[in-house]
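Structural overview for review
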Amino acid sequence: MTNYQHYNWEITAEHKLLDLKLKDTWAYRDLLWLLVRRDFVATYKQTILGPLWYLIQPVFTTVIYTLVFGGIAGISTEGLPGPLFYMAGITMWNYFADCLNKTSTVFRDNAGIFGKVYFPRLIMPLSIIISNLVRFGIQLLLFLVFMAYYSFYGASIQPNIYMLLFPLLVLIMAGLGLGCGMIISSLTTKYRDLAFLVAFGMQLLMYGTTVIYPLSAAPEKYKWIVVANPMTGIIETFRYGFFGSGSFSWGMVGYSALFAIIVLAAGIIVFNRVEKNFIDTV
């Protein structure tokens, strides 16, 4: 006599390429928060200064940029104190770069887990995006301390209503980092060379973004390249909202948002396609 059993879960590789699997992700939300905690704890475990590195890194970077680009190169900061100008760009850029860099290795770094147990694979890159928000929040507080200090000593800072766009800017950065990272992670399962190009490419991309110079200081011949970078609109809008100086246009914000949507959709499609059989190639 045959016994039939009924199961509540059916695991299958057949699904839509643009499926976000929100229902499954919500069902595994405890795992998501566990991974967020793991990423946060593991980063600075067995370090002496621990989370203080969140503050030390941007401070040292700001000092170097101020000395090299502001002091030696004499690049304009549009009348803003150099440290404050560079801290704004570094704070925004670091969140995007961290999201992209860590997401771009998610398949390789977690191959052992993926091969043993089922859970929505999208949880892994999502946990990276969320855990990086902790670091971003700490560095944002540091930036606000810098801003308050220079305001107290008479710097020409005029925050305005465009500060309210800040949550949107963070959302766009997260979408850009997540989408680009998933595309790179999916491609590196077959083409390992891409992993070596990411760090170098991110460095070049930073110089093509208004992190160390304002958009007005970009040479006219190459300004279109800087404007075509979706991170430029984000950083310029951030500075304009908090400082009242710099470049702002709804066109730049809209372009960055549209770019993020397209890249995120492409990333989800590629990620969902590769996750079915990546364990055989990674």
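Residues numbered from 1 in each chain as written. Predicted model: local features only at pLDDT ≥ 70, side-chain atom pairs only at ≥ 80, totals over all residues. Heavy atoms only, no water.

This paragraph deals with helix H12 (residues 250–274). Taking 1.5 Å per residue as the helical rise, H12 with its 25 residues ought to reach 36 Å, and the 36 Å between its terminal C-alpha atoms agrees with that figure. Here H12 has its buried residues at Met252, Val253, Ser256, Ala260, Val263, Gly267, Ile268, Phe271, Asn272 and Val274. Contacts made by the buried residues of H12 are with helix H5 (106–109), helix H7 (123–152), helix H8 (166–187) and helix H11 (230–243). (Helix = DSSP H or I, 4+ residues; strand = E, 2+ residues; numbered from the N terminus. Expected span 1.5 Å × (residues − 1). Buried < 20%, exposed > 50% of the residue type's maximum accessible area, 1.4 Å probe, protein only. Contact = heavy atoms within 4.5 Å.)

What follows concerns the packing of helix H3 (residues 53–72) against H7. Here H3 crosses H7 at 55°, and the two axes come no closer than 9 Å. Judged on the interaxial angle alone, H7 and H3 are oblique. The two elements H3 and H7 meet at a crossing, and its hand is right-handed. Together, Tyr54, Leu55, Gln57, Pro58 and Val59 of H3 and Arg135, Ile138, Gln139 and Leu142 of H7 make up the contact between the two elements. Each residue belonging to the contact of H3 with H7 can be placed in one class, and the counts come to 6 nonpolar, 2 polar and 1 charged. (Axes fitted to C-alpha atoms, helices over the stretch in contact; angles between N-to-C directions. Parallel < 35°, antiparallel > 145°, perpendicular 65-115°, else oblique. Left-handed = near helix turned anticlockwise from the far one by under 90°. Nonpolar A, V, L, I, M, F, W, Y, C, P; charged D, E, K, R; others polar.)

Within the largest apolar cluster, 62 residues are counted, with the highest numbers of intra-cluster contacts made by Met92, Phe143, Met173, Phe238 and Phe243. Sorting elements by how many residues they give to this core places helix H4 (residues 82–103) first, with 13 residues. Excluding its chain neighbours within four sequence positions, the residues that come into contact with Phe238 are Ala88, Met92, Leu140, Phe143, Phe166 and Leu169. (Core = buried A, V, L, I, M, F, W, Y, C linked by side-chain atoms within 4.5 Å.)

Turning to the environment of Val106, a few remarks are in order. In this structure, Val106 sits in helix H5. Relative accessible area serves as the criterion here: at 1%, Val106 is assigned to the buried category. A C-alpha to C-alpha distance of 9.6 Å links Val106 and Ile184, two positions 78 residues apart in sequence.

Taken N-terminus to C-terminus, the directions of H8 and H12 make an angle of 35°; their axes are 7 Å apart at the nearest point. Of the two possible hands of crossing, H8 and H12 adopt the one that is left-handed. Its residues assigned to classes, the contact of H8 with H12 comprises 18 nonpolar, 5 polar and no charged.

Attention now moves to the confidence of the model for the protein. Confidence along the protein averages 83 in pLDDT terms, with 83% of residues attaining 70 or more. Here helix H6 (residues 111–114) is the element of the protein with the lowest mean pLDDT, 68, and H11 is the one with the highest, 95. (pLDDT = per-residue confidence, 0-100.)

Attention shifts here to the side chain of Ser104. Residue position: Ser104 is located in the loop between H4 and H5. By relative accessible area, Ser104 is classed as buried at 4%. Ignoring any residue separated from it by four or fewer positions in sequence, one finds Ser104 in contact with Gly181, Ile184, Ser185, Thr188 and Val198.

Taken as a whole and judged by the stated rule, the model has 3 salt bridges. With a closest N to O distance of 3.1 Å, Arg135 and Asp98 form a salt bridge. Taken together, the positions of Arg135 in helix H7 and Asp98 in helix H4 put the pair 37 residues apart, joining distant regions of the chain. Neither Arg135 nor Asp98 differs from the other in exposure class; each is buried. (Salt bridge = Lys/Arg side-chain N within 4 Å of Asp/Glu carboxyl O.)

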